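For reference, the chains in residue letters:
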There are 2 protein chains.
Amino acid sequence: MAEGQDTPTLRFAIAGLGTAGCMMLPAVHKHPHMQLTAAADVDAEPLEHVQRDLQVEIHRTVAELCQSPNVDAIYLATPTHLHTEHALMALEQGKHVVLEKPMALTLDDAERMIQTAERCGVQLVVGHSHSFERPIRAMREIVQSGELGRLRMLHNWYFTDWMYRPRNVGELNTALGGGVTFRQGSHQFDIIRMIGGGLVRSVRAMTGVWDAQRPTEGSHVVYLEFEDGTPAAAVYSGYDRFHTAEITFGVGEQGQLANLSAYGRARQALRSLEGDDAEASLKRASAQYGGARSRQPSEPAPHPPFYGLTLASCERGDIRQSADGLTIYGEHNKRDIPLDTGETGRDAVVRELYDAVVHHRPPAHSGRWGKSNLEVCLAVLESAQKRQEIVLAHQIAAPA
Amino acid sequence: MAEGQDTPTLRFAIAGLGTAGCMMLPAVHKHPHMQLTAAADVDAEPLEHVQRDLQVEIHRTVAELCQSPNVDAIYLATPTHLHTEHALMALEQGKHVVLEKPMALTLDDAERMIQTAERCGVQLVVGHSHSFERPIRAMREIVQSGELGRLRMLHNWYFTDWMYRPRNVGELNTALGGGVTFRQGSHQFDIIRMIGGGLVRSVRAMTGVWDAQRPTEGSHVVYLEFEDGTPAAAVYSGYDRFHTAEITFGVGEQGQLANLSAYGRARQALRSLEGDDAEASLKRASAQYGGARSRQPSEPAPHPPFYGLTLASCERGDIRQSADGLTIYGEHNKRDIPLDTGETGRDAVVRELYDAVVHHRPPAHSGRWGKSNLEVCLAVLESAQKRQEIVLAHQIAAPA
């Protein structure tokens, strides 16, 4: 980091050039004081592309990347089951870390990372997750302002094709952090905890594995209750049937218009594949840096991002997303608030890290926040297995 | 009952000429072998109207009605807290009974009614509730057919203006059977139990009282789990903000198009009332027989009834209501099934009673079915109060 300035440049690296890694690139480029200086991946091909396009250092291992003297901070978008190993390595080398969700597979691992970051005097931010996105932050602000009275009920309801999009082995294996409870629950519980203030008291849930060919959680129904008694529910199905975009103005997760006329497209595409490695190859080809999806022009999305239907109910009003902002169903009238989506969720991730490192501003999505979200994911899995309510013990409050 | 025929005429009486009583009238008139012979109410005015219009016996008390030799069956649409007294009276007099939901306020009272009906050799049907309606029955049929595989998840989500429509004292007092958990939960849990097979294992829930002026449950979030592990969620808000008609094609509970442009209308109308008795008077004036609402032309509704958003997810497909029937989100395609709504839910109530009495066909919505629904309502209230999961003990299976 270039010292001695109010706004020094932070040298940033991305480890893992898959979907998440590629999606973070525009945010790094956009931040005025961030510079991408390095990248790492196990595959040579995306590294060659990224080196050619962006003139950065490349590394075949995270261990090697962590030794680089040209890197201040690393975004770890590596497979979930490697998060702990990679994060500890980076933190011990004095690198600030942005860690993809879920941050780990156990609370002990999460705690080790948090304590290591503290001991090494570096920042740990967990993200991207959807409470970084403008609509969720705006809901949080309105709830917190008290203008609609106390929060009374909170819902997130999301039906997608997650289970049938091209997946790698880790994404379909719960023991490796796969399945929708770990991968998508991390978003839902993050959204719910951020709007609801963070302190979940208990969880009662059931998960579903509906397709023996993809033996990991593809659905869940989760009842959550905050310390103050406020109830919330999170429902997810990744089985590519009914899509919640039907009830969110046709808008999908990235703010794009969902193609609702092509029914069951993800499942159909998957069925047409042949050969054992076909799915993994397709995933690499489309998601990796240099692949089809990563090359898409990064024009701004026409709408704010929708992580399904989020509905916050306060004593004197409900709030949900409109096509271009929020709708407030108030005491006397219903009004739409447009939202400026110039700053994307990933822009906010990069900003949060930068502000933590340079301006010593505690990150909202700290290691402890990520650990709280992970605790909910684990409680959902445990509640489903034991068929009983799980009381939580590691929740922290959302920042004021 | 006129004996000695295959299709004898059943002489029917209605006790309580409020909203529910008036809504049952067309179904009685429509049934080819039902004859309305008597009515009872505490108020003279609706009785005079009904006598003038329909030339039936009138009674000022249920006790008196139960003595009538011209009555075979009574629909009890009297206040909830009087159900037990009235039903026992009618059953002891050898009258068949259709009892409004919730059937009672305690499981003991429900059991007394069930046993009394058995001892007296008469039929007890609990209804109307929304699993009598065609869309719910059709969902149940498809789930039970197994064509989409095992049921995996079930939701009913309903946001209305229930709390701010004109209410009488009993409707706003939980101790008298008021509030949305008793009054509307009786529909939701009935829908969920009918589609899901009936056997709920446990309930975890939180209720909400958001308006000190109307101190009864106006909302709830309910997690239910069936014996076989299938999860379900029921969400209700009666606070007249966001309406689920927005996500059910604009169609309301009776199949009519909801007026979504007039925001917060129920609350506004209520605020404009003056005087202590104004709300009760308005309720009587609009809902009682002879009042504004009861005089509305009984043209068929343009769409099937929608009790909010009901979504059933099976292993190989989701089902929800379309504007005119059901949408099946299947393995390979999505298709709409139109539904014949010539038989309304209340027509089905009357048919179910008739078939039970005359053709000895066990009613689906028996006393034990109603008791099972009541058990869920009570468990929701208990779970909310104790903040813990409640395991159920009186559930019966839905009829095959």
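Residues numbered from 1 in each chain as written. Chains lettered and ligands numbered in written order. Predicted model: local features only at pLDDT ≥ 70, side-chain atom pairs only at ≥ 80, totals over all residues. Heavy atoms only, no water.

Enquirer: When you look at the overall build of chain A in this model, what are you seeing that I'm missing?
Expert: The number of helices and strands found in chain A is 12 helices and 15 strands. Here the C-alpha coordinates of chain A stretch approximately 55 × 55 × 45 Å along the principal axes. Burial analysis of chain A (400 residues in total) assigns 62% to the buried set. When contacts within chain A are restricted to residue pairs at least 6 apart in sequence, those whose partners lie at least 24 apart make up 68%. (Helix = DSSP H or I, 4+ residues; strand = E, 2+ residues; numbered from the N terminus. Buried < 20%, exposed > 50% of the residue type's maximum accessible area, 1.4 Å probe, protein only. Contact = heavy atoms within 4.5 Å.)

Enquirer: Help me understand the domain arrangement of chain A in this model?
Expert: Residues and elements named next belong to chain A. Considered domain by domain, chain A is made up of domain 1 (10-129 + 345-366) and domain 2 (131-343 + 377-391). Centre-to-centre, using C-alpha coordinates, domain 1 lies 23 Å away from domain 2. Of the residues lining the interface, 35 residues belong to domain 1; the matching set on domain 2 comes to 26 residues. Its largest share of buried area at the contact with domain 2, domain 1 owes to K101, L105 and S129, together 22% of the area lost on that side. Our enumeration of links across domain 1 and domain 2 arrives at one salt bridge. As a salt-bridge pair, E343 and R351 come within 2.7 Å of each other at their nearest N and O atoms. Counting across the domain 1 and domain 2 interface gives 14 residue pairs in polar contact (both at pLDDT 80 or more). When contributions to the side of domain 1 that touches domain 2 are tallied by element, the ones reaching two or more residues are helix 1 (19-30), helix 2 (44-54), strand 6 (124-126) and helix 11 (345-359). Among the elements that make up the side of domain 1 that touches domain 2, the one with the highest residue count is helix 11 (seven residues). (Domains from an automatic or database assignment. Buried area = accessible area lost by both parts, 1.4 Å probe. Salt bridge = Lys/Arg side-chain N within 4 Å of Asp/Glu carboxyl O. Polar contact = N/O pair within 3.5 Å; in protein donor to acceptor, adjacent residues only side chain to side chain.)

Enquirer: Is there a simple way to explain the relation of the copies chain A and chain B in this structure?
Expert: Applying a rotation about an axis and a shift along it to one chain copy brings it onto the other copy. Mapping chain A onto chain B is achieved by rotating through 180° and translating by 0.0 Å along the same axis, at an RMSD of 0.0 Å. The superposition of one copy onto the other is thereby described by a two-fold rotation axis. Interface overlap between copies: 100% of the residues of chain A at the interface are likewise at the interface in chain B, consistent with a symmetric, same-surface contact. (Least-squares fit on C-alpha atoms with pLDDT ≥ 70 in both.)

Enquirer: Help me understand the interface of chain A and chain B, please; the structure alone is not making it clear to me.
Expert: You'll often see interface size given as the accessible area lost when the parts meet. Counting from both sides, the interface comprises 52 residues of chain A and, opposite them, 52 residues of chain B. For the chain A and chain B pair, buried surface summed over both sides reaches about 4,500 Å², with 56% attributable to carbon and sulfur atoms. Contact with chain B buries area across many residues of chain A, yet A:W210, A:Y263 and A:R387 alone supply 15% of it, more than any other trio. Counting across the chain A and chain B interface gives 16 salt bridges. Measuring nitrogen to oxygen at the nearest pair gives 2.6 Å for the salt bridge that ties B:E225 to A:R387. The interface formed by chain A and chain B contains 33 residue pairs in polar contact (both at pLDDT 80 or more). Listing elements by their share of the side of chain A that touches chain B, those giving two or more residues are strand 7 (151-159), strand 8 (200-208), strand 9 (219-226), strand 10 (231-237), helix 9 (265-271), strand 11 (309-314) and strand 12 (317-322) of chain A. Residue classes in the side of chain A that touches chain B are distributed as 21 nonpolar, 13 polar and 18 charged. (Nonpolar A, V, L, I, M, F, W, Y, C, P; charged D, E, K, R; others polar.)

Enquirer: Looking at this model, I keep getting lost on the packing of helix 6 (residues 134-145) of chain A against helix 8 (residues 185-196) of chain A. Mind explaining?
Expert: The axes of two packed helices give the description: the angle between them and the distance between them. Residues and elements named next belong to chain A. Viewed as axis vectors pointing N to C, helix 6 and helix 8 meet at an angle of 25°, and their least axial separation amounts to 8 Å. With respect to each other, helix 6 and helix 8 are oriented roughly parallel. Across from I136, M139, R140 and V143 in helix 6, the residues of helix 8 making contact are I191, M194 and I195. (Axes fitted to C-alpha atoms, helices over the stretch in contact; angles between N-to-C directions. Parallel < 35°, antiparallel > 145°, perpendicular 65-115°, else oblique.)

Enquirer: Even after reading the chapter, I still don't get the packing of aromatic side chains, so can you show me in this structure?
Expert: The description of two aromatic rings rests on the distance between their centres and on the angle between their planes. In the structure shown here, the tally under the stated rule is 19 aromatic pairs over all chains. Connected via pairs of aromatic rings, a cluster forms that spans A:W157, A:F159, A:F242, A:Y263, A:Y329, B:W157, B:F159, B:F242, B:Y263 and B:Y329. Here A:R193 stacks its cationic end above the ring of A:W369, 3.8 Å away from the centre of that ring. (Phe/Tyr/Trp six-rings, centres within 6.5 Å; stacked < 30°, edge-to-face > 60°. Lys NZ or Arg CZ within 6 Å of the ring centre and 35° of its normal.)

Enquirer: Any chance you could explain the UniProt feature "domain: GFO/IDH/MocA-like oxidoreductase" (unreviewed entry) in chain A here in plain terms?
Expert: The positions UniProt marks with the feature "domain: GFO/IDH/MocA-like oxidoreductase" (unreviewed entry) are residues 136-243 of chain A. Here residues 136-243 of chain A is 24% helix and 31% strand, with 20 Å between the C-alpha atoms at its ends. (UniProt positions renumbered as here; feature names shortened; annotations may be inferred.)

Enquirer: Mind showing me how you'd approach the sheet that holds strand 3 (residues 57-59) of chain A here?
Expert: Two modes of strand pairing occur in sheets, parallel and antiparallel, and in both the strands are linked by backbone hydrogen bonds. Residues and elements named next belong to chain A. In space, the six strands of this open sheet follow the order 3-2-1-4-5-6, with parallel pairing throughout. If you trace the sheet from one side to the other, it starts and ends with strand 3 and strand 6, each paired once. Each strand of the sheet is rotated relative to its neighbour by a mean of 25°, with strand direction disregarded. Relative to strand 2 (residues 34-40), strand 1 (residues 10-15) runs parallel, the two being bridged by six bridges. The residue of strand 2 that forms the bridge with A15 is A40. With respect to the sheet, helix 4 (residues 83-92) is in contact with strand 4 (73-76) and strand 5 (96-99), its orientation differing from that of strand 5 by roughly 160°. (Pairing = 2+ DSSP bridges.)

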